[in-house]
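Structural characterization, general
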Protein chains: 2
Amino acid sequence: MAGHGEQMAGRPVVYLVGAGPGDPELLTLRAARLIAQADWLIHDALIEPAVLELAVRAKRIAAGKRAGRPSARQQEINRQMIVAARSGGVVVRLKGGDPLIFARAREEIDALVAAGIEPVIVPGITAAQAAYAALGEPMTERGDRRSVVLATPQVQQGAVADTEWARPVINAQGGALYMAASVVPRVRATLLALGLSAATPVAWVADASRAGQTAIRSRLGELRAPEGLPSGAPVILLVGLARTGAAPGVAVRVPPLSARQQAADDEQQAQRIERRAEHDA
Amino acid sequence: MAGHGEQMAGRPVVYLVGAGPGDPELLTLRAARLIAQADWLIHDALIEPAVLELAVRAKRIAAGKRAGRPSARQQEINRQMIVAARSGGVVVRLKGGDPLIFARAREEIDALVAAGIEPVIVPGITAAQAAYAALGEPMTERGDRRSVVLATPQVQQGAVADTEWARPVINAQGGALYMAASVVPRVRATLLALGLSAATPVAWVADASRAGQTAIRSRLGELRAPEGLPSGAPVILLVGLARTGAAPGVAVRVPPLSARQQAADDEQQAQRIERRAEHDA
């Protein structure tokens, strides 16, 4: 059987799909549909089990990069995508967040194109969006914050630490930092040295959009590594917020939208049944 | 009947929901569900009819800001949200893209909070994500572009033009500019004056994620207003891409994912029916 990809435009297709920030309900309709249709699902670590369970037909391949040499792992992921695409069927490469934001898309896109395979990108909600949403804080404000920066202070293994990532953050008076938790002293020192005020409100948001989402508000001058969070939780550092909160430095559970929404659903369902009963009576 | 919002946590709720960039399939599952459950749908202009049609129960209120005085319109939108929330039922304020990115969320959040109403944010795919996805261009690249900037060169009516929006873009060597089509000479002059190379690849992406999505690639030094696009099409300017394309300055239809996906679905559906028929035979 030839896969649909090969029959569409003469080229097999791999879908690079964003799984969103964690909450399975923040998948796009397209992502959910492609996962359900997938014959092959090559997925990152940290994808929620409830998302993986949507892949009712797929052979699943875990492609987490947390162990082993990163470059070797990447080559293996590329190889698996290419083999799957050539074998026919629907191939979904599922990545946390948005596949184009801090997800090494360049390597995978280039490998696919070199193998004659068409990469089709399906955007996903990125962690920064979920983190700002958790705090109810706009990412931009009219006339005030007319840009938002998504950045990472991480450098490649062995590379000299630099400040390239920090200049846009300074110039935008803030933004969201990915993968910052392991390099806090450098982040704080760099942003202060480049002129961002020590009083700048900052917040760690861990597990944004998930049931246990937690925020730790502080100020740049007192920024410390996030503590008391579940180990392995994805963490975003927001810099330049409107407020610091009542108890800076204290981890505060942010009421998860999921739970609130579930309560709303249950309540609404009960009301509907009630109304229908009244109507039928 | 008291609405579910009032019964949940003692406060009524308004959902500020992102409708995504246009393609109805880029709605999140949560957005689609809330729209379907909504009793009140207060929506921006430029939301696709197919998205609005998901609102099977709702009283729909169009809240486009394209006519009338902006501030008066915003106050009217705020009033409508508050009246709807207090009347009970599920209130969805549906905004194009992500409700926290260039969507005046601050005004609406502040008005709701002042009225004792809880704003609950449901992120959406923002236009920049769809524009990069259309071009298959990563928003960040490991070791190379470790930040991405979303910015707008628009200033408030009557405000003095400034360069605040441009500095993060310069320092990140690019990003995505919203609402730039009407101020092209200023955008070009500002970015050049601040030191971005005239050879920097740029691209307009119009109607990203929609059936007619179109790209016009160029270089910063030759940047002109996008031409030959459907009037009223949402347009994003991407600055600092990996390539300029074969024919700079020419509008090129980007094969829409929707159409490709539809072809794939049809093909796959046909194959399934075939296989089932073989199995049953």
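The text that follows walks through the structure, step by step, so that each part is easy to find. Numbering of residues begins from 1 in every chain and follows the order in which that chain's sequence is written. Chains carry letters from A onward and ligands carry numbers from 1 onward, assigned in written order. Only residues with pLDDT of at least 70 are given local features in this predicted model, and only at 80 or more are side-chain atom pairs given and counted; all residues enter the totals for whole chains, interfaces and linings. Values shown for side chains rest on all heavy atoms present in the structure; no hydrogens or waters enter the calculation.

Moving on: the overall build of chain A. Check the secondary structure of chain A and you find nine helices and eleven strands. Partly exposed describes any residue whose relative accessible area lies between the buried limit of under 20% and the exposed limit of over 50%, with all areas from a 1.4 Å probe on protein chains only and scaled to the type maximum. Counting all 281 residues of chain A, 56% fall into the buried class. Note on definitions: a residue-residue contact is assigned when non-hydrogen atoms from the two residues lie within 4.5 Å. Here the analysis covers contacts within chain A between residues at least 6 apart in sequence; of these, 68% occur between residues at least 24 apart. Each accessible area is a Shrake-Rupley result for a 1.4 Å probe, and residues are judged covered by the shown protein chains and nothing else. Of the roughly 11,200 Å² of accessible surface on chain A, 53% is carried by carbon and sulfur atoms. Numbering goes from the N terminus for both helices and strands, where a helix is a DSSP run of H or I of at least four residues and a strand is a run of E of at least two.

What follows covers unusual backbone geometry. Residue and element names in this part refer to chain A. Phi is positive for Phe-102, close to 50°, though the residue is something other than glycine. Structurally, Phe-102 is set in the loop between strand E4 (91-95) and helix H5 (105-114). Phi is positive for Met-179, which is not a glycine, with a value near 55°. Note on Met-179: relative accessible area 41%, which makes it partly exposed.

Before going further, it helps to examine the sheet that holds strand E6 (residues 147-151) of chain A. Neighbouring strands of a sheet are bound in pairs by backbone hydrogen bonds; such pairs are parallel or else antiparallel. Strands pair, by our definition, only if DSSP identifies at least two bridges between them. Across the sheet, which stays open at both edges, the twelve strands sit in the order E11(A)-E9(A)-E8(A)-E10(A)-E7(A)-E6(A)-E6(B)-E7(B)-E10(B)-E8(B)-E9(B)-E11(B) with mixed pairing between neighbours. Among the strands making up the open sheet, the edge pair consists of strand E11 (251-253) of chain A together with strand E11 (251-253) of chain B. Sheet twist, expressed as the average angle between the axes of neighbouring strands with direction ignored, equals 20°. In terms of strand pairing, strand E8 (residues 201-206) of chain B meets strand E9 (residues 214-219) of chain B through six bridges, oriented antiparallel. Along E9(B), the bridge assignment pairs Pro201(B) with Arg219(B). Along the sheet, helix H6 (residues 127-135) of chain B contacts strand E6 (147-151), strand E7 (175-178), E8, E9 and strand E10 (235-239) of chain B; its crossing angle with E10(B), the most-contacted strand, is approximately 65°. All axes here are fitted lines through C-alpha atoms, helices being fitted over the stretch that makes contact, and every angle between N-to-C directions spans 0 to 180 degrees.

All names here are of chain A. Centre distance within 6.5 Å is the pairing criterion for rings of Phe, Tyr and Trp, where only the six-membered ring of Trp is used; planes under 30 degrees apart are then read as stacked, over 60 as edge-to-face, and the remainder as tilted. Evaluated as defined, the whole model comprises two aromatic pairs over all chains. Consider the rings of Phe-102 and Tyr-178, whose centres lie 4.6 Å apart with planes at 45°: the pair is tilted. Taken together, the residues span a long stretch of sequence, with Phe-102 in the loop between E4 and H5 and Tyr-178 in strand E7 (residues 175-178) at a distance of 76 residues.

Next up on the list: the side chain of Thr200(B). Residues and elements named next belong to chain B. Locating Thr-200 in the fold gives a position in the loop between helix H8 (184-193) and E8. Taking relative accessible area as the criterion, Thr-200 reaches 10% and is therefore assigned buried. Polar contacts involving the side chain of Thr-200 include one to the main-chain carbonyl oxygen of Ser-197, which spans 2.6 Å. Here a polar contact is taken to be a pair of N or O atoms separated by no more than 3.5 Å, where protein atoms must pair a possible hydrogen donor with a possible acceptor and residues adjacent in sequence count only if both atoms sit in side chains.

Everything listed here is a matter of geometry and, on its own, says nothing about what the molecule does.
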